[in-house]
Structures are given as structure tokens and as C-alpha cells.
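Chain by chain, the residues run as shown.
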Amino acid sequence: ALPILDKTETQISNLEHMVQDIEFTQIEMKVIEGLKIGNDCLKKMHEAMSIEEVERIMDETQESIEYQRQIDEMLAGSLTQEDEDAILEELEALTQMQEDLELPEAPTEPLPEKKPAREAAKIRPKEELVAAS
């Protein structure tokens, strides 16, 4: 009876191993099916959007960011180095013009005394209108 029990135990062990293999294979098949569905989905998405389209969108986004940065700088009153250099050049030119400009001498005599101003006309206050109650 002992060899029959050993043989039965071995067969049960083989069956348990086979069940585990089948369960693992089922899991593998689900993973493979999931990968297949994922790949199909990616293919459809790639068909809808090409690399060129993505590049165009990225370029437009970068241009929009740069444009907004320029607007922010304008609103903040900040100047680029170019702007600042141009302003300094203009200031230098104006300063040079002022130095080259010959102004007449200012008179040194005292100013004449102020004459009394005419008596200002009296301003009449407006009559207030009172609403009847």
C-alpha cells in the first residue's frame, strides 16, 4: 500500500505543479494581451500625431513663451542690454550737444519791484437752491 500512496502523492504533486503552470501561463497571456492593446493604442496615437506636428507645437509653445517674456519685460519696465546701450549713447549725445551750445549771459541787474496787482473782482457765491419738502 505504501508504493501506491507514494505514487498518488507524486501524481497530486504533478497536478499541483501543472495547475500552477497553467495559472502562470494565463497571467502571461493577460500581460501579452495588455501589451498588444497598449501597442495598438500607441500606433493609433502616433498616426494621429506625427513627429513634425509635435515639433511644430513645441516651436509654437517656445515662441509663445518668448513673446510673453517680452511682454513681461515691457510691463516691468526692464530694458535689454541693447536698449540700455542705446539710451546711454543718446544721453551722451545730448550731453555733448549741451556742452557745445553757447548760451547768452544772464543779466546781473536786480529785477524791478513788483507793481501792485489790480483789485480782484469779488466773486459772488452761488445761491443755493432748497428743495421744497
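What you see is a predicted model; the values in this text were computed from it and never measured. (Residues numbered from 1 in each chain as written. Predicted model: local features only at pLDDT ≥ 70, side-chain atom pairs only at ≥ 80, totals over all residues. Heavy atoms only, no water.)

Looking at this structure, how should I read the overall build of the protein?
Across its full length, the protein carries 3 helices and 0 strands. Starting at the N terminus and walking to the C terminus, you meet the elements of the protein as α-α-α. Looking at the protein as shown, the accessible area adds up to about 14,200 Å², and 60% of this sits on carbon and sulfur atoms. (Helix = DSSP H or I, 4+ residues; strand = E, 2+ residues; numbered from the N terminus. Areas by Shrake-Rupley, 256 points an atom, 1.4 Å probe, with all protein chains shown as cover.)

Sorry, what's going on with the pattern of salt bridges here?
Throughout the structure, instances matching the rule amount to 3 salt bridges. One salt bridge in this structure joins Arg-56 and Glu-53, with 2.7 Å as the shortest N-O distance. Within this pair, Arg-56 and its partner Glu-53 are both found in helix α2 (residues 51–76), separated by 3 residues, close to a single helical turn. Glu-53 gets classed as partly exposed once you look at its relative accessible area, which sits at 29%. For Arg-56, the salt bridge goes to Glu-60, with nearest N and O atoms at 2.5 Å. Taken together, the residues Arg-56 and Glu-60, both in helix α2 and 4 residues apart, mark about one turn of the helix. Since its relative accessible area comes to 36%, Arg-56 is described here as partly exposed. (Salt bridge = Lys/Arg side-chain N within 4 Å of Asp/Glu carboxyl O. Buried < 20%, exposed > 50% of the residue type's maximum accessible area, 1.4 Å probe, protein only.)

Can you help me understand α2 in this one?
Quick reminder: α-helices carry 3.6 residues per turn. Residues three or four places apart thus point the same way. End to end, α2 covers 37 Å across 26 residues, agreeing with the expected 38 Å (1.5 Å per residue, within 8%). Looking at the residues trailing α2, positive phi occurs at Gly-77, about 80°. (Expected span 1.5 Å × (residues − 1).)

Hey, could you run me through a negative patch on the surface in this one?
On the surface, Glu-82, Asp-83, Glu-84, Asp-85 and Glu-89 cluster together into a patch of negative charge. By secondary structure assignment, the location of Glu-84 is in helix α3 (residues 81–100). (Patch = residues over 30% accessible without salt bridge, like charges linked within 9 Å, V, L, I, M, F, W, Y side chains within 5 Å. Lys, Arg positive; Asp, Glu negative; His and termini not counted. Charge placed at Lys NZ, Arg CZ, Asp CG, Glu CD.)

Help me understand a nonpolar patch on the surface, please; the structure alone is not making it clear to me.
A cluster of nonpolar side chains, contributed by Met-49, Val-54, Ile-57 and Met-58, occupies part of the molecular surface with about 330 Å² of accessible area. As for its position among the elements, Val-54 is in helix α2. Residue Val-54 is classed as partly exposed on the basis of its relative accessible area of 35%.

Would you mind showing me how to read the confidence of the model for the protein here?
Detail in the predicted coordinates should be disregarded across regions flagged by low pLDDT. Overall, the predicted model of the protein reaches an average pLDDT of 83, with 84% of residues at or above 70. Per-residue pLDDT, averaged within each element of the protein, yields its smallest value for α3 (85) and its largest for helix α1 (residues 2–48) (93). (pLDDT = per-residue confidence, 0-100.)

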